[in-house]
Amino acid sequence: MLSKLEKINERFRSLENQMSNPDLVSDQNLFREISREHAQLSPVIANYEDFKKKKSQLADSTALLQTETDSEMRALLQEDVRGLQRAIETLEETMLVQLLPKDPGSGKDVIVEIRAGTGGEEAALFAADLFRMYSRYADIKGWKLEFIDGSITEIGGYKEVTFSLRSPEAYDSMKYESGGHRVQRVPTTESGGRIHTSAVTVAVLPEAEERDVVIDPNEIRVDVYRSSGHGGQSVNTTDSAVRITHIPTGMVVTCQDEKSQLKNRAKALRVLRARLYEKEMQEAMSKESAMRKAQIGSGDRSERIRTYNFPQSRVTDHRIGLTLYNLEQFLEGYMDDVIEALKKNEIELLLKEMNG
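Because the structure is a prediction, the values reported are computed rather than measured. (Residues numbered from 1 in each chain as written. Predicted model: local features only at pLDDT ≥ 70, side-chain atom pairs only at ≥ 80, totals over all residues. Heavy atoms only, no water.)

Enquirer: Honestly, the overall build of the protein chain in this entry has me stumped. Any pointers?
Expert: Secondary structure assignment for the protein chain yields nine helices and 11 strands. For the C-alpha atoms alone, the extent of the protein chain along its principal axes is close to 90 × 60 × 35 Å. The buried share of the protein chain, taken over its 356 residues, is 41%. Contacts in the protein chain between residues far apart in sequence, at least 24 positions, make up 63% of those at least 6 positions apart. Working note: accessible area of the protein chain is about 18800 Å², and carbon and sulfur atoms make up 50% of it. (Helix = DSSP H or I, 4+ residues; strand = E, 2+ residues; numbered from the N terminus. Buried < 20%, exposed > 50% of the residue type's maximum accessible area, 1.4 Å probe, protein only. Contact = heavy atoms within 4.5 Å. Areas by Shrake-Rupley, 256 points an atom, 1.4 Å probe, with all protein chains shown as cover.)

Enquirer: It is not clear to me how helix α9 (residues 336–355) should be interpreted in this structure. Could you clarify?
Expert: One turn of the α-helix equals 3.6 residues, which is why residues spaced by three or four share an orientation. Taking 1.5 Å as the rise per residue, α9 with 20 residues should run 28 Å; its terminal C-alpha atoms sit 28 Å apart, in good agreement. Within α9, the full set of buried residues consists of V338, I339, L342, E346, L349 and L350. Buried positions in α9, seen along its axis, are confined to an arc of 110° and lie on one side of it. Exposed and oriented more than 90 degrees from the buried face of α9 are D337, K344, K352 and N355. (Expected span 1.5 Å × (residues − 1). Arc of directions from axis to C-beta.)

Enquirer: Mind showing me how you'd approach helix α3 (residues 71–98) here?
Expert: In this model, α3 (28 residues) spans 40 Å end to end at C-alpha, consistent with the 40 Å of a helix rising 1.5 Å per residue. Looking only at α3, the buried set comprises L77, V81, L84, I88, L91, M95 and Q98. The inward-facing, buried residues of α3 abut α1 (2–19) and α2 (28–67). With a side-chain oxygen lying 3.2 Å from the backbone nitrogen of E72, the N-terminal cap of α3 falls on D70. (Polar contact = N/O pair within 3.5 Å; in protein donor to acceptor, adjacent residues only side chain to side chain.)

Enquirer: Just checking my understanding: could you explain a nonpolar patch on the surface for this structure?
Expert: On the surface, M1, L2, L96 and M354 cluster together into a nonpolar patch covering about 330 Å² of accessible area. Tracing the chain through its elements places L96 in helix α3. (Patch = residues over 30% accessible without salt bridge, like charges linked within 9 Å, V, L, I, M, F, W, Y side chains within 5 Å. Salt bridge = Lys/Arg side-chain N within 4 Å of Asp/Glu carboxyl O.)

Enquirer: So what exactly am I meant to see when it comes to unusual backbone geometry here?
Expert: Residues other than glycine predominantly adopt negative phi, and peptide bonds predominantly adopt the trans conformation. Phi at S313 is positive, roughly 50°, even though this residue is not glycine. Tracing the backbone shows S313 in the loop between β9 (304–309) and β10 (314–317).

Enquirer: I would appreciate a short explanation of the sheet that holds strand β4 (residues 179–185) in the present structure.
Expert: Two strands in a sheet stick together by hydrogen bonds in their backbones, pointing the same way (parallel) or opposite ways (antiparallel). Reading across from one edge, β2-β3-β1-β5-β4-β9-β10-β11 is the order of the eight strands in this open sheet, with mixed pairing throughout. The sheet terminates laterally at β2 (144–152) and β11 (322–324), the two strands that pair on one side only. Taken pair by pair, the neighbouring strands of this sheet meet at an average axis angle of 15°, ignoring direction. Contacting β9, β10 and β11, α9 runs over the sheet at an angle of about 170° to β11. (Pairing = 2+ DSSP bridges. Axes fitted to C-alpha atoms, helices over the stretch in contact; angles between N-to-C directions.)

Enquirer: How should I be thinking about the packing of aromatic side chains in this particular structure?
Expert: The geometry of an aromatic ring pair is captured by two quantities: the separation of the ring centres and the angle between the planes. Counted according to the given criterion, the structure contains six aromatic pairs. Aromatic pair F131 and F163: ring centres 5.0 Å apart, planes at 50°, arrangement tilted. Remark: F163 occurs in strand β3 (residues 158–166) and F131 occurs in helix α4 (residues 120–141); sequence separation between them is 32 residues. Of the two residues, F131 and F163, both sit in the buried class. Aromatic side chains Y308 and F330 sit 6.2 Å apart centroid to centroid with 55° between the ring planes, which places their arrangement in the tilted category. On the criterion of sequence distance, the pair formed by Y308 in strand β9 and F330 in helix α8 (residues 327–331) is long-range, its members being 22 residues apart. Aromatic rings pair up to connect F131, F147, Y158 and F163 into one cluster. Above the face of the F310 ring, R185 is positioned so that its terminal group lies 4.8 Å from the ring centre. (Phe/Tyr/Trp six-rings, centres within 6.5 Å; stacked < 30°, edge-to-face > 60°. Lys NZ or Arg CZ within 6 Å of the ring centre and 35° of its normal.)

Enquirer: How should the environment of V186 be read in this particular structure?
Expert: Topologically, V186 is positioned in the loop between β4 and β5 (196–206). As a C-alpha pair, V186 and E122 span 64 residues in sequence and 9.2 Å in three-dimensional space.

By themselves, these figures tell us nothing about what the structure is for.
Structure representation (structure tokens):
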């Protein structure tokens, strides 16, 4: 572990030297990349410096203890040694966790796609509820949310909605949201008071830089058309909406939120780039261990990860068997109890793999 920490320390100092170079600012992509890596390594280096300092203090106190004859001074030194040993053990455990394999998307912004599944209008309404929940979560965390595109139903639900969350913490927390979300409640459209079960799928994509995924202009087809609103009426008299088809994979991305065709095209390309990047990540992950797959999940959107039961005010995360009875608060964006439990579970799986 110590040799690995020394290599990380060398890398950290190299990044600091690069950041002090005024010419770096001229390359914004490289500057963001270096700044992100520097920010990720900072907590590790802070603990490593503290670890080295306490190891030195422990050596000094131990040496003094061997020569000290005064009983009171010996008692103080012994207490000092015990405290330093406890602190060093805690730092070792913390640094071990920090050195666990990082998710390739760690530290990145995310693009989130929510799609209504089985359940018709009720599923679309729940898709809107999830969008609001993630919006509130972003507000609580201080993240920046940007709406990208959405298809609204007549009664205010979303057939699908796409948005981005900008923060170095976004992917590391939001990645657990990918999968199937099931809701059990009496729909507003149900007159008989019967509980219905509907489903919504969520995809959380790490937002790729242009250098991460290069899109060949010859491999995409761009179609433009007029934006349309509820009922299909025209909300724009120009061909500002954009549909991009990635020919090799068949992926299709549409965007009509902006009045500018160029802005819609740029947003659509961001989504396409994120989807292609996630595809690369999933392919790489499929070659890794079963434990690693369990850590992130299968990536299958049909995998049911969570159930929201309104009659019992219950939210259950099926991956870790955690049930909470605070559904109203959870939907207001107070998701950290579940997110932190999922993070802890991931660390335990990785430690088990490392020790196994």
